[in-house]
Amino acid sequence: MLAGHDTVKEVVAILIIKEVEYAIRILDELNKESPLSATELSERRGMPSPFIYRVLKKLETADILNIKRGVKGGYHIRADLGELTLYDVIKAFDNTFIVIECVKEEYDCTRNSESSCRMHRAFCDIQKTLQTEFQRKSLKELLDGE
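So, how was this worked out
Residues numbered from 1 in each chain as written. Predicted model: local features only at pLDDT ≥ 70, side-chain atom pairs only at ≥ 80, totals over all residues. Heavy atoms only, no water. Helix = DSSP H or I, 4+ residues; strand = E, 2+ residues; numbered from the N terminus. Buried < 20%, exposed > 50% of the residue type's maximum accessible area, 1.4 Å probe, protein only. Areas by Shrake-Rupley, 256 points an atom, 1.4 Å probe, with all protein chains shown as cover. Phe/Tyr/Trp six-rings, centres within 6.5 Å; stacked < 30°, edge-to-face > 60°. Contact = heavy atoms within 4.5 Å. Axes fitted to C-alpha atoms, helices over the stretch in contact; angles between N-to-C directions. Left-handed = near helix turned anticlockwise from the far one by under 90°.

### A word on the overall build of the chain
Reasoning step 1: Looking only at helices and strands, the chain has six helices and two strands in total.
Reasoning step 2: Seen in sequence order, the chain has helices and strands lined up from the N terminus as α-α-α-β-β-α-α-α.
Reasoning step 3: For the chain, the residues scored as buried account for 32% of the 146 residues in total.
Reasoning step 4: Taken as a whole, the chain presents about 9600 Å² of accessible surface, with 50% of it coming from carbon and sulfur.

### Section: the packing of aromatic side chains
Reasoning step 1: All chains considered together, the criterion is met by one aromatic pair.
Reasoning step 2: Residues Tyr22 and Phe51 carry aromatic rings whose centres are separated by 5.0 Å and whose planes lie at 80° to one another, so their mutual orientation is edge-to-face. Taken together, the positions of Tyr22 in helix α1 (residues 18-32) and Phe51 in helix α3 (residues 49-61) put the pair 29 residues apart, joining distant regions of the chain.
Reasoning step 3: With relative accessibility at 9%, the residue Tyr22 sits in the buried group.
Reasoning step 4: Overall, Phe51 belongs to the buried group, its relative accessible area being 17%.

### Quick word on the environment of Leu84
Reasoning step 1: Its location among the elements puts Leu84 in the loop between β2 (74-77) and α4 (86-91).
Reasoning step 2: For Leu84 and Leu139, which are 55 residues apart along the polypeptide, the C-alpha to C-alpha distance reads 5.7 Å.
Reasoning step 3: Ignoring sequence-local partners within four residues, the contact set of Leu84 consists of Ile64, Ala79, Val89, Lys137, Ser138 and Leu139.

### Considering the side chain of Ser42
Reasoning step 1: Mapped onto the secondary structure, Ser42 falls in helix α2 (residues 38-45).
Reasoning step 2: The contacts of Ser42, once residues within four sequence positions are left out, are Met47, Pro48, Ser49 and Ile52.

### Observations regarding the packing of α2 against α3
Reasoning step 1: Two elements in contact, α2 and α3, have axes separated by 10 Å at closest approach and are oriented at 115°. α3 is crossed by α2, and the crossing has right-handed handedness. Here Ala38, Thr39, Leu41 and Ser42 of α2 lie close against α3, whose contacting residues are Ser49, Ile52, Tyr53 and Leu56.

Pasting the structure below:
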(Lines give C-alpha, C1' and ligand atoms only; values in the text may rest on other atoms or scores of the structure.)
Protein backbone atom coordinates (compact mmCIF):
# COMPACT_ATOMS: atom_id res chain seq x y z
CA MET A 1 0.00 0.00 0.00
CA LEU A 2 1.19 3.52 -0.71
CA ALA A 3 1.63 5.88 2.21
CA GLY A 4 -1.50 7.86 2.98
CA HIS A 5 -3.76 5.71 0.77
CA ASP A 6 -6.10 2.97 1.97
CA THR A 7 -6.55 1.30 -1.39
CA VAL A 8 -4.85 1.05 -4.75
CA LYS A 9 -7.98 2.58 -6.31
CA GLU A 10 -7.23 5.88 -4.61
CA VAL A 11 -3.97 6.35 -6.50
CA VAL A 12 -5.11 5.21 -9.93
CA ALA A 13 -6.00 8.04 -12.32
CA ILE A 14 -9.36 7.96 -14.00
CA LEU A 15 -8.98 6.69 -17.53
CA ILE A 16 -12.58 7.29 -18.61
CA ILE A 17 -13.89 10.74 -17.75
CA LYS A 18 -17.44 11.36 -16.46
CA GLU A 19 -18.59 12.72 -19.84
CA VAL A 20 -17.69 9.42 -21.51
CA GLU A 21 -19.43 7.46 -18.77
CA TYR A 22 -22.57 9.55 -19.33
CA ALA A 23 -22.26 9.11 -23.10
CA ILE A 24 -22.26 5.33 -22.69
CA ARG A 25 -25.28 5.51 -20.40
CA ILE A 26 -27.08 7.72 -22.95
CA LEU A 27 -26.28 5.33 -25.79
CA ASP A 28 -27.47 2.41 -23.68
CA GLU A 29 -30.80 4.14 -23.07
CA LEU A 30 -31.22 5.16 -26.72
CA ASN A 31 -30.35 1.62 -27.78
CA LYS A 32 -33.43 0.49 -25.83
CA GLU A 33 -35.76 3.29 -26.95
CA SER A 34 -35.56 6.33 -29.17
CA PRO A 35 -36.08 9.12 -29.85
CA LEU A 36 -35.80 10.52 -26.33
CA SER A 37 -35.47 14.11 -25.20
CA ALA A 38 -32.57 15.36 -23.12
CA THR A 39 -34.96 15.71 -20.18
CA GLU A 40 -36.12 12.10 -20.51
CA LEU A 41 -32.54 10.88 -20.72
CA SER A 42 -31.56 12.98 -17.72
CA GLU A 43 -34.45 11.68 -15.60
CA ARG A 44 -34.07 8.03 -16.62
CA ARG A 45 -30.33 7.91 -16.01
CA GLY A 46 -30.06 10.39 -13.13
CA MET A 47 -27.75 12.79 -14.94
CA PRO A 48 -27.72 16.55 -14.31
CA SER A 49 -29.47 18.45 -17.12
CA PRO A 50 -26.77 21.08 -17.81
CA PHE A 51 -24.15 18.35 -18.08
CA ILE A 52 -26.21 16.09 -20.33
CA TYR A 53 -26.58 18.82 -22.96
CA ARG A 54 -22.77 19.08 -23.29
CA VAL A 55 -22.49 15.32 -23.69
CA LEU A 56 -25.30 15.16 -26.24
CA LYS A 57 -23.74 17.99 -28.26
CA LYS A 58 -20.38 16.21 -28.43
CA LEU A 59 -22.05 12.95 -29.49
CA GLU A 60 -23.99 14.85 -32.15
CA THR A 61 -20.83 16.62 -33.39
CA ALA A 62 -19.09 13.24 -33.65
CA ASP A 63 -21.98 11.94 -35.82
CA ILE A 64 -22.91 9.36 -33.19
CA LEU A 65 -26.33 10.92 -32.46
CA ASN A 66 -28.92 12.86 -34.42
CA ILE A 67 -31.56 15.15 -33.06
CA LYS A 68 -35.01 15.49 -34.52
CA ARG A 69 -36.71 18.70 -33.50
CA GLY A 70 -40.42 19.05 -32.86
CA VAL A 71 -43.17 17.51 -30.77
CA LYS A 72 -42.20 13.89 -31.43
CA GLY A 73 -38.53 14.69 -31.69
CA GLY A 74 -35.55 13.83 -29.58
CA TYR A 75 -32.20 12.14 -29.83
CA HIS A 76 -31.58 8.89 -31.63
CA ILE A 77 -28.49 6.92 -32.52
CA ARG A 78 -27.10 7.80 -35.93
CA ALA A 79 -24.02 5.60 -35.97
CA ASP A 80 -24.10 1.85 -36.54
CA LEU A 81 -23.56 0.37 -33.08
CA GLY A 82 -22.18 -2.76 -34.72
CA GLU A 83 -19.33 -0.64 -36.12
CA LEU A 84 -18.93 1.90 -33.32
CA THR A 85 -16.51 1.05 -30.51
CA LEU A 86 -15.97 2.39 -27.02
CA TYR A 87 -12.81 4.01 -28.38
CA ASP A 88 -14.91 5.96 -30.92
CA VAL A 89 -17.07 7.30 -28.09
CA ILE A 90 -14.00 8.26 -26.06
CA LYS A 91 -12.48 10.09 -29.06
CA ALA A 92 -15.65 12.22 -29.31
CA PHE A 93 -14.55 13.93 -26.11
CA ASP A 94 -11.50 15.93 -27.22
CA ASN A 95 -8.87 13.22 -27.09
CA THR A 96 -9.48 12.36 -23.45
CA PHE A 97 -7.94 8.92 -23.84
CA ILE A 98 -4.39 9.61 -22.75
CA VAL A 99 -2.60 7.53 -20.13
CA ILE A 100 0.06 10.20 -19.59
CA GLU A 101 0.63 13.61 -21.13
CA CYS A 102 3.90 12.70 -22.85
CA VAL A 103 2.11 10.37 -25.30
CA LYS A 104 0.22 13.28 -26.85
CA GLU A 105 1.55 14.04 -30.33
CA GLU A 106 1.80 17.77 -29.66
CA TYR A 107 3.52 17.35 -26.27
CA ASP A 108 7.11 18.57 -26.24
CA CYS A 109 8.99 16.47 -23.73
CA THR A 110 12.53 17.62 -22.96
CA ARG A 111 13.42 14.12 -21.74
CA ASN A 112 12.36 12.51 -25.01
CA SER A 113 13.94 14.86 -27.52
CA GLU A 114 15.68 12.03 -29.37
CA SER A 115 13.02 9.34 -28.78
CA SER A 116 15.34 7.66 -26.31
CA CYS A 117 13.20 7.81 -23.17
CA ARG A 118 12.40 4.27 -22.01
CA MET A 119 9.44 5.50 -19.95
CA HIS A 120 7.96 7.23 -22.99
CA ARG A 121 8.25 4.05 -25.04
CA ALA A 122 6.67 2.03 -22.24
CA PHE A 123 3.76 4.45 -21.90
CA CYS A 124 3.26 4.45 -25.69
CA ASP A 125 3.03 0.65 -25.59
CA ILE A 126 0.49 0.83 -22.76
CA GLN A 127 -1.49 3.48 -24.66
CA LYS A 128 -1.56 1.30 -27.77
CA THR A 129 -2.62 -1.79 -25.80
CA LEU A 130 -5.48 0.07 -24.13
CA GLN A 131 -6.58 1.60 -27.43
CA THR A 132 -6.65 -1.87 -29.00
CA GLU A 133 -8.75 -3.21 -26.13
CA PHE A 134 -11.23 -0.32 -26.39
CA GLN A 135 -11.52 -1.02 -30.13
CA ARG A 136 -11.93 -4.77 -29.71
CA LYS A 137 -15.70 -4.93 -29.19
CA SER A 138 -18.47 -2.97 -30.84
CA LEU A 139 -20.81 -0.88 -28.73
CA LYS A 140 -23.61 -3.22 -29.77
CA GLU A 141 -21.74 -6.15 -28.22
CA LEU A 142 -21.13 -4.16 -25.02
CA LEU A 143 -24.65 -2.75 -24.67
CA ASP A 144 -26.39 -5.99 -25.60
CA GLY A 145 -24.10 -8.05 -23.36
CA GLU A 146 -22.79 -10.24 -26.17
